[in-house]
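Breakdown of the fold
Listed here are the chains, written in short residue letters.
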Amino acid sequence: MKKKTLVPFIVFLLGICLISFIVYKTNAHEEKQKHTTAQLNATTYGERIKNEITDGMEITDVLKQILISENGELNQFDTIAKNIMSDSIESIQLAPNGVVTDIYPAEGNEAGKIDLLHDKDRQEISCYARDNHTLITQGPFELKQGSYGLAVRNPVYLKDNNGQEYFWGFTIVILRVPDIFSNSISALSDFGYEYKLSKTVTPWDNTYEVVYQSDGSMIHPVSYDFTIGEENWKFEVMPEGGWQNTAFIALTSGFFASIVLLLSGLTRVWLVSKENKNKFQILARIDSLTNIYNRYGFDELAEKMISENPKAHFIAAFLDIDDFKLINDIYGHAYGDKALKSLADNMKAFFPSDALLGRNGGDEFCILLPNNVGEAAAKQLQQFTRIPKTFSCNGKEHPFYISLGYAEYPDFASNCSQLMRCADAALYEVKLHGKNGCMAYKEGLQSRVRKQLGFALKDISEHLPGAFIIYRADKKEDELFYANHEFLHMTGYKDMEELFRLTKRSFRNLIREDERQQIESSIWEQIDNGNENDYIHFHLRKADGSYLSVLDHGRIVENQQYGRVFYVMFMDWKDMHIHYSDKFSYSDKFSKRTAGNIIN
């Protein structure tokens, strides 16, 4: 592994180990502190809950003492019960001989008058309380009035005339849950704790049932155990967010990890900056689109190669894509870029590895071939010029062509700059002689200043004194390529995109439907008969769906890139009659050429 990767990696690992140790020790200390605090809270509030429940149970002791003092008679039950009621008590009851006979408040509690010693749900635990002289609790259970209740039954014993103790019945209080201990659990919630209060189902059973709990889950809680009567209670507590301080761990880990990453990154930057100084210089000389040298990089390396080998032979070539502006106009710049990348890929695949390849800018490329001169070099460059070159658009491969000029060193140049000027002059000469060719620099060619050859399609078409379109000449699948501004204005299309969308890029969709078959048949009949120039009269579809009566003049030509295409000029039929009524007539010659094509 390279030093620039290994050293930062070691720094990172050591840093992570140190962070892990610090976080572990800190988290262990925090967790211990949390356990200590939680246990203290569990003990404190568990004891408070025990006292709050016991206070509610004491009502049964009050009634019990009154009954004992009155020898089992309680004539003023409602008055006494009313005076000892509280907000956390659902009802107070008396059950002589185990049968509930008195309930306060009576309204809504009529169903509570049951025989406790013979009821299937209450019999066993009630008999246990009677036989063992112990206070028992049962519940929680859902109250008919809503919420939950906890039943407290306190057995009462009296003595007969012989001093023998006998079972009188029960004093009962129904405690509301969690109202009876609401102050304690509210305080715990405010402190951010989850909690659960449980009790044994019966005094003789160690199975616990939940009396009340918070909504959150309990994971390894601390607990406080206490006893009421012969029943065991358990109060469990844990922090709402768990024992681990996730936020603290994340913050601490993030802070130290950032420092470690920064140190690792700085270490790597320092090492890489030393190693990659030359790489950065090379990257500054690479064309990002084609991944070959840009003009600065090519010129610098070409100058260096020639100056270091002044007696060696070199070939310098300039080349560019023919009609590149047309590719951009028709297909868009994205596909123009595809053509440029395709050409660069062709160059990399065709020329040897020691060839210096560059892009001067736009669609112009350059090549420097060392130790390759004479007839072999000419043959190689001509072969490269002729090989098919294409770019992909909408699933189809479209051809394009190049022009190439080259010159030899030291035959025609004494230095790199002069060599490149000679190659440029040769390329210029190719352009003047029809493009799509390869030519060597010869004595007598002037290294003239390059100028734009002709006019761009947009310059010509936008200033033509008439409407103009180009479309593919195909009987089955014609395709609109271009429409100038005059045509769009005449037909109401706001731009070529709308024209292509509404016509589905088909010329036949511009012809009124009832004329379409006859017009197409007439056009192709005349083309097949060798007539490449023709006048056609038909109704042209406008953007709003209406039709315009026009006369078109078309020419079919062979194009290297697109095959057979139509160049068509349009004239408004009505305007021609208005402006040229005195000259507008059908001569014999005109009638002959348009016979069968004029449709009214």
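Residues numbered from 1 in each chain as written. Predicted model: local features only at pLDDT ≥ 70, side-chain atom pairs only at ≥ 80, totals over all residues. Heavy atoms only, no water.

**Examining the environment of Ala316**
In this fold, Ala316 is placed in strand 11 (residues 314-321). Judged by its relative accessible area of 0%, Ala316 is buried. Remark: the alpha-carbon pair of Ala316 and Leu40, spanning 276 residues in sequence, is separated by 90 Å. Dropping the residues within four chain positions of it, Ala316 is found in contact with Ile367, Leu368, Gly405, Tyr406, Ala407, Leu419, Met420 and Ala423. (Helix = DSSP H or I, 4+ residues; strand = E, 2+ residues; numbered from the N terminus. Buried < 20%, exposed > 50% of the residue type's maximum accessible area, 1.4 Å probe, protein only. Contact = heavy atoms within 4.5 Å.)

**Description of the packing of aromatic side chains**
Counting across every chain of the model gives 23 aromatic pairs. Seen in terms of ring centroids, Tyr195 and Tyr212 are 6.4 Å apart; in terms of plane orientation they differ by 25 degrees. Their pairing is stacked. A residue pair is termed long-range when its members are at least 10 positions apart, and Tyr195 in strand 6 (residues 193-200) and Tyr212 in strand 7 (residues 208-213) qualify at 17 residues. Summarising the aromatic geometry, the rings of Phe487 and Phe570 are spaced 5.3 Å apart at their centres and angled 50 degrees between planes, so their arrangement reads as tilted. Taken together, the positions of Phe487 in helix 13 (residues 485-491) and Phe570 in strand 22 (residues 563-572) put the pair 83 residues apart, joining distant regions of the chain. Note on accessibility: Phe487 and Phe570 belong to one class, buried. Among the aromatic residues, ring-to-ring pairing joins Tyr471, Phe487, Phe507, Trp524, Phe538, Phe566 and Phe570 into one connected group. The ring of Phe384 has Lys389 lying over it, and the distance from NZ or CZ to the ring centre is 4.7 Å. Residue placement shows Arg505 over the ring face of Phe500; its charged tip is 4.0 Å from the ring centre. (Phe/Tyr/Trp six-rings, centres within 6.5 Å; stacked < 30°, edge-to-face > 60°. Lys NZ or Arg CZ within 6 Å of the ring centre and 35° of its normal.)

**Remarks on the sheet that holds strand 12 (residues 356-361)**
Read from one edge of the open sheet, six strands run 10-12-13-11-16-17, paired in mixed fashion. Two strands close off the open sheet at either side, each with one partner strand: strand 10 (293-294) and strand 17 (438-440). Against the sheet, helix 9 (residues 333-350) touches strand 11, strand 12, strand 13 (364-370) and strand 16 (402-409), its axis set at about 5 degrees to strand 13. Lying on the sheet, helix 11 (residues 416-432) is in contact with strand 11, strand 13, strand 16 and strand 17; it crosses strand 16 at an angle near 145 degrees. (Pairing = 2+ DSSP bridges. Axes fitted to C-alpha atoms, helices over the stretch in contact; angles between N-to-C directions.)

**What to know about helix 3 (residues 123-131)**
Within the span of helix 3, buried status applies to Ile125, Ser126, Cys127, Tyr128 and Ala129. Residues of helix 3 that are buried in the fold lie against strand 3 (136-142), strand 4 (148-159), strand 5 (165-177) and strand 9 (231-239). Taken from the residues just after helix 3, His133 is the one with a positive phi, measuring 50 degrees.

**Some thoughts on the sheet that holds strand 9**
Strand order in the open sheet formed by four strands is 7-6-9-8, and the pairing between neighbours is antiparallel. Single-partner strands in this sheet number two, and they are strand 7 and strand 8 (222-228). Neighbour-to-neighbour, the strand axes of the sheet open up by a mean angle of 25 degrees, direction not taken into account. Pairing of strand 8 with strand 9, which is carried by seven bridges, proceeds in the antiparallel orientation. Paired with Phe226 across the strands is Trp233, a residue of strand 9. Of the strands in this sheet, strand 6, strand 8 and strand 9 are in contact with helix 1 (residues 3-69), which crosses strand 8 at around 20 degrees.

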